[in-house]
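Residue-level structure breakdown
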Amino acid sequence: MKHIITLLLILVANIAFAQVKIEGVVKDSIGNPLELANVVAINQATKNMDAYGITNDTGKYKLSLEANSSYKIQVSYIGMKATDALIETKTDNISQDFTLQNDNTLDEIELTYEMPVTIKGDTIVYNADSFKDGTERKLEDVLKKLPGVEINDDGEIEVEGKKVSKVMVDGKDFFDGDSKLASKNIPSNAVDKVQVLKNYSEVGQLSSVTNNQDNVAINIKLKEGKENFWFGTVTAGGGATSDNGLYLVQPKLFYYSPKLSINVIGDMNNIGEQAFTRRDYFNFSGGFRMPSRKSGTSIDLGNNDLGFLTLQNNRAKSIESNFGAANFSYSPKETLDISGFAIYSNSKNELQENNDIVYTDPELGIPDETTQSNTIQRSDLGMLKLSGKYKPNGNNQLDYDVLGRFSKESQEQHVFSSVLGNTDINEESSPFSVKQSLNYYYTLDERNIFSLEIQSLIQDEDPFYNAILEEKSSYDDVANVVGFDTTQSNYNVAQDKRVKSNQLDGKIDYWNVLNNKSNINVTLGTIYSNQKFTSELFQFLDDGSEFNPIPIDNDGLATNDITYNFTDLYLGVHYTVKLGKFTLTPGLSAHAYNVNNTQFGDKYKDNFFRILPDFDARIQLKKSEQLIFNYTMQTQFTDITNFARGYVMNNYNSYFYGNPELENATAHNINLTYFSFNMFNYTNVFANVNYRKSIDQIRNITNFESVIRSNSPFNSNYADESLSASGRFQRSFGKLRATVNGNFTYTKFNQFIQNIPSVNENYSQTYGAELRTNFKTAPNVELAYRYTIQDNDQGSSRSKFFTKAPSIEFDALIWESLTFKTSYAYNNFSNEDRTINTFDFWDASLAYRKNADAKWEFELKATNLLNTQSQSQSSTSSISVSTTEYFIQPRYLTLRAIYSL
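Keep in mind that this is a model prediction, so the values were computed, not measured.

Another point: the sheet that holds strand β3 (residues 49-54). Ordered by their spatial adjacency, four strands build an open sheet running β3-β2-β5-β6, and the pairing between neighbours is antiparallel. Of all strands in the sheet, those with a lone pairing partner are β3 and β6 (83-88), marking the two edges. Taken over all neighbouring pairs, the strand axes of this sheet differ in orientation by 20° on average, direction set aside. Judged from the six bridges that link them, strand β2 (residues 38-43) and strand β5 (residues 70-76) form a sheet pairing that is antiparallel. Pairing of valine 39 across the sheet is with valine 75, part of β5.

So, in structure tokens, the structure goes:
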């Protein structure tokens with residue numbers, strides 16, 4: 001492998017550097033430099049566009065051309081006459097300036113090209129065909145090749161370091177703008193243009209008075225002929241292993257017309273190719289954003305779903321998934337849009353992992369623990385949404401959305417602990433929620449704008465937990481404290497929980513536009529939340545009856561029945577002013593809080609008033625260069641479970657009881673962000689530094705009995721702090737694109753274990769480098785390296801883990817009919833003393849398609865060719881550090897047929 005990488009580097013270097021550079025300046029007739037002028041080089045022998053460029057703020061351009069060739073250099077700029085020049089390249093670099101004359105027509109020269117990249121205000125338009133080499137199949141294959149665009153590790157689209165908030169196809173939302181569903185499913189051959197919309201505003205009426213500089217959307221323009229009829233692909237395939245047969249069915253169908261769009265995505269397979277993961281389901285917002293998200297109040301309704309083990313890199317020992325989704329958008333008339341989607345996902349996963357756990361302080365008598373677990377997970381997840389937008393004129397807009405979620409999940413685990421022995425666990429849950437949103441926007445005149453935003457949530461969660469501990473002796477001490485019957489042959493313990501939540505979040509905004517550089521925003525809003533929580537611990541006895549324990553501590557409480565109410569009434573004022581390159585937005589909000597909980601006949605109240613300042617400053621250094629400073633002060637509130645006094649079994653080795661007198665926490669957050677995207681040399685720079693300090697943060701007092709712990713929350717007198725920094729530098733050199741990036745995170749928090757205070761500090765560092773080619777007719781390669789350091793300092797103990805991960809990807813179009821792709825990644829996981837594990841992954845595929853317009857394609861695809869059995873990683877919590885060996889699917893070989901509509 002080392003020799004292959006070396007040869008590829010030599011090949012890439014030879015191709016990249018055996019070129020001639022031509023550079024110069026583009027000016028107007030009076031000598032002013034023209035920024036964002038288009039410059040292209042047309043090869044006179046092949047009539048192909050070999051290079052293109054866009055001038056910078058000084059009018060400078062630079063192109064890389066083949067030596068000993070003839071080119072026509074064409075220069076154009078909106079509102080001016082285009083010009084050209086014939087250039088003969090030798091082996092020396094060339095200097096050539098251009099002067100353009102004023103003219104409103106562009107027909108003096110026939111433009112025989114289409115610019116790969118054009119800029120129109122806040123919109124960047126990429127011509128997709130200019131970046132394709134024929135090996136692309138999905139939208140993400142195209143996006144990866146666009147300068148300034150990235151696909152992150154979670155499959156989401158990023159532009160200039162910002163996550164894309166919405167994806168549209170021909171102006172219509174694609175599954176409410178979910179970027180991962182779009183990048184993984186839209187076929188690349190349907191894509192004509194990729195429009196990046198910076199400073200994107202969902203509501204045109206508010207675009208001039210709201211800060212949209214962090215909002216980025218993408219609109220996919222379809223090729224001609226992809227409208228008014230169905231297009232897409234249908235894939236079917238299979239294979240065999242020594243244990244079972246493999247199958248794959250993936251229909252992806254799309255229909256677009258000016259009035260109606262329909263998207264249908266299906267995926268059924270047992271080879272681990274998940275179209276929609278459980279994590280995607282819970283991260284899928286459906287386009288909802290809380291009206292109070294910038295008010296300074298943060299209230300957490302909690303998460304009471306199952307303690308599901310998560311898949312690592314979407315891998316597991318076995319994965320079977322079925323996914324179906326449909327999305328529509330219909331415009332019966334220009335003033336009305338109706339849209340919606342339905343998503344259903346069914347999966348069965350088998351996970352196996354081994355854990356070595358080191359607890360915080362060995363001197364406290366907590367033994368190290370080794371666990372082995374086998375888990376079967378079953379999930380049925382569904383979402384249904386309907387939306388309507390009515391806009392009778394430019395001064396009025398009314399939006400309504402309703403989103404329903406439902407799920408049915410279960411998890412069966414067998415765990416062996418070196419301390420506690422064998423335990424069988426069964427968990428079940430069937431939660432549902434309904435979220436509604438009503439928004440109205442009204443423009444009285446050019447100086448007075450109003451908006452009303454209301455959002456409601458109804459949520460019901462009902463997790464059930466059951467654990468059977470076979471070795472009684474290791475659990476007797478805890479069982480005595482909790483009140484279980486210790487005379488039984490084993491401990492068969494269970495818990496029912498129910499959490500019902502209702503929340504209403506609404507606000508009215510008024511903007512007074514003082515002039516074209518300043519405005520005042522006044523906000524009146526409220527948040528009302530009501531939660532009810534019931535729980536019951538019980539034990540199944542040998543005779544089949546149920547036994548309700550009475551703990552010997554905690555006032556004998558093993559049940560909960562609590563009501564929690566929260567109200568926030570706030571008034572906010574913000575002033576925005578533009579002063580040259582600066583945009584300043586100071587503001588503050590005044591809050592009247594009412595918090596109370598009632599349980600076991602007692603009522604606990606906390607009413608108070610607080611003023612929260614915030615400040616935002618943006619410096620527009622250049623058109624595509626910006627520095628942002630942001631400060632916010634936040635009041636943080638917890639959910640109902642932290643107030644509940646009765647025992648709650650979070651896990652067989654973790655018990656919890658709440659504190660009804662908890663108070664809120666206060667957080668100060670400072671953020672500094674820098675963006676720069678230079679279209680002259682396609683240099684993309686992103687840097688971010690964030691500091692957060694939390695006061696009166698809710699922390700747990702943790703006490704251990706062997707490795708079984710009990711936790712109770714309290715407001716810490718010690719401040720918790722975190723500091724994070726990240727950055728990325730990307731630069732194109734002709735057909736090469738180089739990227740370096742880094743992330744650093746430091747967290748410091750205080751905790752009490754066995755009633756002894758300690759400080760926990762964690763340092764996490766990740767550094768990466770990447771070199772990618774983008775040749776039109778030659779094979780392309782991507783070389784990458786990632787180095788990670790995980791440093792955990794827990795007072796009396798410290799651990800350090802290192803991960804080194806070089807990787808390579810290669811793709812080539814052979815004889816214009818064969819597409820070959822392969823990727824290899826090597827991982828070395830170690831601590832300061834030794835290498836703990838090495839593992840590598842090698843995937844490859846070979847596809848045959850007669851030509852780019854052929855309807856049929858046949859693909860042979862292999863995953864995990866080296867048949868790697870497991871991978872390893874480290875993780876840290878407030879009380880322990882663990883290293884995990886995680887088992888994955890074996891080698892799979894499948895043959896697929898793809899039909900394009």
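With that out of the way, let us pick up the pattern of salt bridges. All chains considered together, the criterion is met by 28 salt bridges. Across the pair glutamate 857 and arginine 137 runs a salt bridge whose closest N-O atoms are separated by 2.9 Å. With a gap of 720 residues between them, glutamate 857 in strand β50 (residues 856-863) and arginine 137 in the loop between β10 (123-127) and α2 (139-143) connect regions that are remote in the sequence. Residue classification places glutamate 857 among the buried residues on the basis of a relative accessible area of 7%.

Turning our attention to the pairing of strand β41 (residues 698-705). When β41 meets strand β42 (residues 708-715), the two strands line up antiparallel, connected through eight bridges. Its bridge partner lying in β42, arginine 699 is registered against phenylalanine 714. Between β41 and β42, which pair antiparallel and follow one another directly, the connecting turn spans two residues, one of which, serine 706, has a positive phi of 60°. As paired elements, β41 and strand β44 (residues 736-753) share two bridges and run parallel to each other. Its bridge partner being in β44, threonine 702 is matched across the sheet by isoleucine 753.

It is worth spelling out the packing of aromatic side chains at this point. Throughout the structure, instances matching the rule amount to 31 aromatic pairs. Both rings, one in tyrosine 61 and one in phenylalanine 98, keep their centres 6.1 Å apart while their planes meet at 50°; by these two values the pair is tilted. One end of the pair, tyrosine 61, is in strand β4 (residues 60-66); the other, phenylalanine 98, is in strand β8 (residues 98-99), and 37 residues separate them in sequence. For phenylalanine 98, a relative accessible area of 5% puts it in the buried group. Between the aromatic rings of phenylalanine 566 and tyrosine 593, the centroid separation amounts to 6.2 Å while the plane-to-plane angle is 40°, which identifies the pairing as tilted. Linking phenylalanine 566 in strand β33 (residues 559-579) with tyrosine 593 in strand β34 (residues 582-599), this pair joins segments that are 27 residues apart in sequence.

Take empty space enclosed by the protein next. Overall, the coordinates contain three cavities of 30 Å³ or more when judged by the stated rule. By volume, the largest cavity is sized at about 50 Å³. Contributing to the lining of the largest cavity are Gln274, Phe276, Thr277, Arg278, Ser321, Ser345, Ser347, Ser379 and Leu381. At the level of elements, β23 (336-359) and β24 (369-393) are the ones that each hand at least two residues to the lining of the largest cavity. The class makeup of the residues in the lining of the largest cavity is two nonpolar, six polar and one charged.

Quick notes on the rules
- Residues numbered from 1 in each chain as written.
- Predicted model: local features only at pLDDT ≥ 70, side-chain atom pairs only at ≥ 80, totals over all residues.
- Heavy atoms only, no water.
- Pairing = 2+ DSSP bridges.
- Helix = DSSP H or I, 4+ residues; strand = E, 2+ residues; numbered from the N terminus.
- Axes fitted to C-alpha atoms, helices over the stretch in contact; angles between N-to-C directions.
- Salt bridge = Lys/Arg side-chain N within 4 Å of Asp/Glu carboxyl O.
- Buried < 20%, exposed > 50% of the residue type's maximum accessible area, 1.4 Å probe, protein only.
- Phe/Tyr/Trp six-rings, centres within 6.5 Å; stacked < 30°, edge-to-face > 60°.
- 1 Å grid on protein atoms, 1.4 Å probe; cavity = no way out; pocket = protein on both sides within 12 Å on 5 of 7 lines; lining within 4 Å.
- Points joined across faces, edges and corners; volume = space filled by probe spheres on them.
- Nonpolar A, V, L, I, M, F, W, Y, C, P; charged D, E, K, R; others polar.

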